[in-house]
Amino acid sequence: YHRPSDYWGIGYDAGSNDSFYWSYLRLQAQMKTDFLFKLSHNLFFGPMISFDFVKGNNFKKKNPNDPRTVEQIIAGEKSRIGTTGIGASVVYDSRDVITDCHNGIYFKIEQGFYPKFLGNKYDFMMTDIIFDTYNRVWKGGILAFDLHGKFNYGNVPWTMKSRMGGQFRMRGYYEGQYRDNNLIEVQLELRQHLWKRNGMVLWVGAGNVFENFRKFNFSETLPNFGIGYRWEFKSRVNVRLDLGFGKDFKTGFMFNINEAF
């Protein structure tokens with residue numbers, strides 16, 4: 001990727017201050033490979049390797065009254081950071097169709113390690129957990145539930161903090177406006193077929209970013225809700241148009257292929 005981005009800083013308070021944020025050019029290269037072995041019916045296990053390189057250029061404050069420096073907003077770290085990780089994941093997957101699931105369960109735990117002997121300047125670990133369920137509630141109606149947690153431990157660089165928002169979870173928030181070591185987010189979505197190839201969805205959700213569990217504050221939980229249109233351009237594959245709303249009715253419009261989860 002090479003694109004203009006916005007950056008608020010680290011933590012809930014930094015993300016909540018709409019007046020103080022910076023723009024920058026983000027150059028990023030990512031590679032991740034998973035290999036899963038089937039252990040039994042619907043159960044898989046296997047190794048993971050990943051590489052992530054981020055370089056931030058041309059940091060510019062949007063508000064001249066913002067007292068922070070670049071060094072302060074990226075926690076005194078370098079603007080260019082590379083990380084290499086190894087790990088493993090366990091997956092249970094009973095979904096009927098991955099692109100448009102009508103029933104089943106998806107559960108994944110991934111554990112990543114980013115030690116210094118792999119060339120990392122910052123030594124940390126990451127645990128990523130996903131739990132999704134899908135159930136028919138009436139004719140043409142699917143109730144989908146998604147729970148996601150991403151937890152980082154150790155000396156976590158600013159480029160690898162857990163980021164809230166985007167096109168799949170907490171839709172309507174700018175991806176990365178709220179970021180910290182840890183992230184918990186949940187969403188419940190009703191998917192309803194309407195007529196021929198047409199359908200719609202309604203969802204509600206919530207999320208929280210926090211430095212560690214001792215500093216978790218339930219009052220800092222962010223709301224999320226939205227509405228979407230679906231057009232099935234081929235069997236069980238949808239074009240997705242979503243309008244998401246966040247805190248203070250901030251909005252985000254998304255266009256994509258396949259469901260959000």
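Our structure's up above, just so we're on the same page.
This one's a predicted model, so the numbers in the text were calculated from it and none came from an experiment. (Residues numbered from 1 in each chain as written. Predicted model: local features only at pLDDT ≥ 70, side-chain atom pairs only at ≥ 80, totals over all residues. Heavy atoms only, no water.)

A. The nonpolar core, seen in detail. Within the largest apolar cluster, 10 residues are counted, these being Tyr7, Trp22, Tyr24, Val54, Phe59, Ile73, Ile74, Ile81, Tyr122 and Trp158. Counting only elements with at least two residues in this core, the list comes to β2 (22-34) and β4 (43-61). If we skip the residues at most four places from it in the chain, Trp22 touches Ser5, Asp6, Tyr7, Phe59, Lys60, Lys61, Lys62, Asp66, Arg68, Thr69, Val70 and Ile73. Membership of the second largest hydrophobic core comes to 8 residues, among which are Met170, Tyr178, Leu183 and Val209. (Core = buried A, V, L, I, M, F, W, Y, C linked by side-chain atoms within 4.5 Å. Buried < 20%, exposed > 50% of the residue type's maximum accessible area, 1.4 Å probe, protein only. Helix = DSSP H or I, 4+ residues; strand = E, 2+ residues; numbered from the N terminus. Contact = heavy atoms within 4.5 Å.)

B. Spotlight on the environment of Trp203. For Trp203, the location among the structural elements is in strand β12 (residues 198-210). Given the relative accessible area of 2%, Trp203 is considered buried. Here the alpha-carbon distance between Trp203 and Tyr114, two residues 89 residues apart in the chain, equals 35 Å. When neighbours within four sequence positions are excluded, Trp203 is seen to be in contact with Arg171, Leu188, Glu189, Asn224, Phe225, Gly226, Ile227, Gly228, Asp242, Leu243 and Gly244. Within the structure, the side chain of Trp203 is placed 3.0 Å from the side chain of Asn224, a separation counted as a polar contact. (Polar contact = N/O pair within 3.5 Å; in protein donor to acceptor, adjacent residues only side chain to side chain.)

C. Here's a closer look at the pattern of salt bridges. The tally for this structure, following the rule as stated, stands at 17 salt bridges. A salt bridge links Arg236 to Asp96; the nearest nitrogen and oxygen atoms lie 3.1 Å apart. Of this pair, Arg236 sits in the loop between β13 (222-234) and β14 (237-245) while Asp96 sits in the loop between β5 (80-93) and β6 (104-114); the two residues are 140 residues apart in sequence, bridging distant segments of the chain. Among the charged side chains, a salt-bridge network with shared partners connects Arg171, Glu189, Arg191, Arg230, Arg240, Asp242 and Glu259. (Salt bridge = Lys/Arg side-chain N within 4 Å of Asp/Glu carboxyl O.)

D. Quick peek at the side chain of Thr83. Along the chain, Thr83 falls in strand β5. Given a relative accessible area of 2%, Thr83 falls into the buried group.

E. Just the layout of surface pockets, in detail. Of the pockets and cavities examined, the second largest pocket occupies roughly 320 Å³. Elements with a minimum of two residues in the lining of the second largest pocket: β7 (124-138), β8 (141-154), β11 (182-195), β12 and β13. For the lining of the second largest pocket, the element with the most residues is β12, which contributes 4 residues. Taken together, the residues of the lining of the second largest pocket break down into 5 nonpolar, 8 polar and 9 charged. (1 Å grid on protein atoms, 1.4 Å probe; cavity = no way out; pocket = protein on both sides within 12 Å on 5 of 7 lines; lining within 4 Å. Points joined across faces, edges and corners; volume = space filled by probe spheres on them. Nonpolar A, V, L, I, M, F, W, Y, C, P; charged D, E, K, R; others polar.)

F. A look at the packing of aromatic side chains. All told, the structure shown has 20 aromatic pairs when counted by the stated rule. Taking 6.4 Å as the distance between ring centres and 70 degrees as the angle between the ring planes, the aromatic pair formed by Phe131 and Phe145 counts as edge-to-face. Highlighted residues: Phe131 in strand β7 and Phe145 in strand β8, separated in sequence by 14 residues. Look at Phe131 and you get partly exposed, because its relative accessible area is 29%. For Phe145, a relative accessible area of 26% gives the class partly exposed. The interplanar angle of 80 degrees and the centroid separation of 6.1 Å between the aromatic rings of Phe225 and Phe249 together place this pair among those described as edge-to-face. (Phe/Tyr/Trp six-rings, centres within 6.5 Å; stacked < 30°, edge-to-face > 60°.)

G. View of the pairing of β8. Note that β7 and β8 share 14 bridges and pair antiparallel. For Thr133, the partnering residue across the bridge sits in β8 and is Phe145. Here β7 hands over to β8 after 2 residues, with Gly140 in that stretch at a positive phi of 75 degrees. With 11 bridges joining them, β8 and β11 adopt antiparallel strand pairing. Counterpart to Gly149 in the pairing with β11 is Ile184. (Pairing = 2+ DSSP bridges.)

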